[in-house]
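Below are the chains, spelled out letter by letter.
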Amino acid sequence: MTRLELFIARMTSQRACIDYAVGLTAGMAGPVYELGLGNGRTFDHIRAKVTDRDIFVFERAVASNPASTPSEDQLVLGDVVDTLPMMLARDGATVSFAHADLGGHNLEKNDAFARLISPLIEVMIAPGGVMVSSDKMYFDALEQIELPEGAMDGRAFIYRKLL
Ligand code: SAM
């Protein structure tokens, strides 16, 4: 695959998985966490699809398009290694849906970081809650579920916490 094709596959997979996860968690009351704001594209998509739950966006340095910048009360500023435990102390294990797109170009580094934050995320997801990630995650209490139609193997990963 060319880099352009890989990029398109990642974006298409993100959208398919986000839409699927929003459907799977419809009816859950807990917040939605967006980990990694970046340009704000996936945040913008999530806020268009999730209108009945609070959305919090975790980012260490905001550099998003003004059209997709979260409000101040939606932003959780800082390194997720620090802010995830902070939000766990506040919200407990209530998260209905978490989406993570935190990686850069170094695949080894992305994998090491995914291993580091998997236990931090796992404890925040409510029973029945869903996690979508651009990187493979390492969970005990969440099982990997099949990708929805439109998502490509290896471009996105989707997990659900057992009820
Ligand atoms: N999904 C986003 C979009 O649609 O525009 C792109 C996200 S971008 C690939 C990754 C973002 O994660 C960057 O903005 C980066 O600053 C953020 N990030 C990476 N590691 C982080 C960390 N440890 N704590 C907080 N934010 C982090």
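Here, the structure is the one placed above.
These numbers come from a predicted model, not from an experiment.

Asker: Provide a residue-level description of helix α2 (residues 41-49), including the pertinent values.
Answerer: Of the residues making up α2, those classed as buried are T42, F43 and I46. For α2, the buried positions fall inside an angular range of 100 degrees around the axis, keeping them on one side. Exposed side chains of α2 directed beyond 90 degrees from the buried face belong to R41 and A48. Buried residues in α2 make contact with α1 (3-24), β1 (32-35), β2 (55-59) and β4 (95-100).

Asker: Tell me about the site of the ligand, and please be specific about residues and values.
Answerer: Contacts to the ligand come from 16 residues, most closely from N39, T42, E59, V80 and D101. A distance of 3.0 Å is found between an oxygen atom of the ligand and a backbone nitrogen or oxygen belonging to G40. With respect to the ligand, the side chain of D79 contributes an N or O atom lying 3.1 Å from a nitrogen atom. When isolated, the ligand has an accessible area of 610 Å², and the protein chains bury 84% of it. Put simply, the ligand lies in the largest pocket. For the shell around the ligand, a count of residues per class yields four nonpolar, seven polar and five charged.

Rules used throughout
- Residues numbered from 1 in each chain as written.
- Predicted model: local features only at pLDDT ≥ 70, side-chain atom pairs only at ≥ 80, totals over all residues.
- Heavy atoms only, no water.
- Buried < 20%, exposed > 50% of the residue type's maximum accessible area, 1.4 Å probe, protein only.
- Helix = DSSP H or I, 4+ residues; strand = E, 2+ residues; numbered from the N terminus.
- Arc of directions from axis to C-beta.
- Contact = heavy atoms within 4.5 Å.
- Near = heavy atom within 4 Å.
- Polar contact = N/O pair within 3.5 Å; in protein donor to acceptor, adjacent residues only side chain to side chain.
- Areas by Shrake-Rupley, 256 points an atom, 1.4 Å probe, with all protein chains shown as cover.
- 1 Å grid on protein atoms, 1.4 Å probe; cavity = no way out; pocket = protein on both sides within 12 Å on 5 of 7 lines; lining within 4 Å.
- Sits in = over half its atoms within 2 Å of the grid points.
- Nonpolar A, V, L, I, M, F, W, Y, C, P; charged D, E, K, R; others polar.

These figures come from the coordinates and say nothing about function on their own.
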